[in-house]
Amino acid sequence: MLKINKLSKSYTTLPSGFFNNKGSKKTILKNLSFNTEEGDCIALLGKNGCGKTTLLKLISGVLALDKGSINNNFDKPLDFSLISMVNSNDRSFFWRLSVKENLKFFCSLSNKDSLEKIEETLILLNVFDKIDFPFMSLSYGERKKISIARALLKDSKILLLDEITSSLDISAKKIMISTLKDLLKKNHLQLIIFTTHSLDEVVRLSNRFLFIKDKAIFIDQKVNENTRISDIESKF
């Protein structure tokens, strides 16, 4: 699916004071590389500020690379239209409009204004009963599902998730994990990459985790049904 080769990204920080009116350059990622396969569900781990969210933004095309490349398996430039990113920020939705009105609007932006497809997608995500509810009335978990629905409606095949389960209770998190696994299993999605601080989530959802340290991939480890949280902890 993806070939990420020697990716680097830096930011220029704000000036620190009156006598220092020039910002300094801060390198977030340097020569980071990894490949993915169709069907992968990859967890990104690492300390706050290590570059997990920056990596997702680079893959999604929100941020430009300083160096390196992100290609598909045919070594062609990645088609960013196949990628959607979901995070904790819901400000792109119209909170006073219904779920249906929101999704019809976003579909119309890509000439895909199909009510039937919207209904099918909401049924798939088990939130069809919320179709006429104002977006502002939904729970956090329901709003994340609507964000995923928007991604599916634009025919995204790669889904990037930035700590979307961090504010979910145990029951809602269990439902979200089951939903995501089902989307991969039924080929509605071909790749999921998600950031998390929960090792339980890594074990229950991913088939592989990447640990970012010192601006690059420090650990690249497979996960299977026999993997335990203690197995992952022993790597750090």
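As a reminder, the structure under discussion sits directly above these lines.
Draft legend 1. Expanded view of the overall build of the chain. Counting secondary structure elements, the chain contains 7 helices and 9 strands. A globule of 236 residues ought to have a C-alpha radius of gyration of about 18 Å, and the chain, at 19 Å, matches this closely. The proportion of buried residues among the 236 residues of the chain is 44%. Intrachain contacts of the chain at a sequence separation of at least 6 include 70% that bridge at least 24 residues. Accessible area for the chain stands at about 12,800 Å²; split by element, carbon and sulfur atoms hold 50% of it. One finds the centroid of the 37 positive side-chain charges in the chain at a distance of 8 Å from the centroid of its 27 negative side-chain charges.

Draft legend 2. Representation of a nonpolar patch on the surface within the structure. Together, F94, L97, F105 and L109 make up a nonpolar patch on the protein surface, roughly 360 Å² of accessible area in all. As for its placement among the helices and strands, L97 is situated in the loop between β5 (83–86) and α2 (99–108).

Draft legend 3. Local environment of the nonpolar core. Judged by nonpolar contacts, the single largest core of 43 residues is most densely connected at L122, I146, I148, L159, L180, I192 and F209. Take this core: its biggest share by element is 7 residues, from helix α4 (residues 140–153).

Draft legend 4. Region of interest: helix α5 (residues 170–185). Given a rise of 1.5 Å per residue, 16 residues ought to cover 22 Å, and the 23 Å separating the end C-alpha atoms of α5 matches this to within 8%. Listed in full, the buried residues belonging to α5 are K173, M176, I177, T179, L180, L183 and L184. Seen end-on, α5 carries its buried residues on one side only, within an arc spanning 160 degrees. Turned more than 90 degrees off the buried face of α5, the exposed positions are I170, K174 and K185.

Draft legend 5. Just the packing of aromatic side chains, in detail. Following the criterion strictly, the structure yields 7 aromatic pairs and no others. Here F105 and F106 contribute two aromatic rings whose centre-to-centre distance is 5.3 Å and whose plane-to-plane angle is 70 degrees, an arrangement assigned as edge-to-face. F105 gets classed as partly exposed once you look at its relative accessible area, which sits at 34%. Ring centres 6.3 Å apart and planes at 65 degrees place the aromatic pair F211 and F218 in the edge-to-face group. Ring pairs connect the aromatic residues F93, F94, W95, F105, F106 and F135, which therefore count as one cluster. The ring of F133 is capped by K130, whose NZ or CZ atom sits 4.7 Å from the centre of that ring. Its end group placed over the ring of F106, R150 keeps NZ or CZ at 4.5 Å from the ring centre.

Definitions and cut-offs
- Residues numbered from 1 in each chain as written.
- Predicted model: local features only at pLDDT ≥ 70, side-chain atom pairs only at ≥ 80, totals over all residues.
- Heavy atoms only, no water.
- Helix = DSSP H or I, 4+ residues; strand = E, 2+ residues; numbered from the N terminus.
- Rg over C-alpha atoms; globule rule 2.2 N^0.38 Å.
- Buried < 20%, exposed > 50% of the residue type's maximum accessible area, 1.4 Å probe, protein only.
- Contact = heavy atoms within 4.5 Å.
- Areas by Shrake-Rupley, 256 points an atom, 1.4 Å probe, with all protein chains shown as cover.
- Lys, Arg positive; Asp, Glu negative; His and termini not counted.
- Charge placed at Lys NZ, Arg CZ, Asp CG, Glu CD.
- Patch = residues over 30% accessible without salt bridge, like charges linked within 9 Å, V, L, I, M, F, W, Y side chains within 5 Å.
- Salt bridge = Lys/Arg side-chain N within 4 Å of Asp/Glu carboxyl O.
- Core = buried A, V, L, I, M, F, W, Y, C linked by side-chain atoms within 4.5 Å.
- Expected span 1.5 Å × (residues − 1).
- Arc of directions from axis to C-beta.
- Phe/Tyr/Trp six-rings, centres within 6.5 Å; stacked < 30°, edge-to-face > 60°.
- Lys NZ or Arg CZ within 6 Å of the ring centre and 35° of its normal.

The quantities given are spatial measurements derived from coordinates; they are silent on function.
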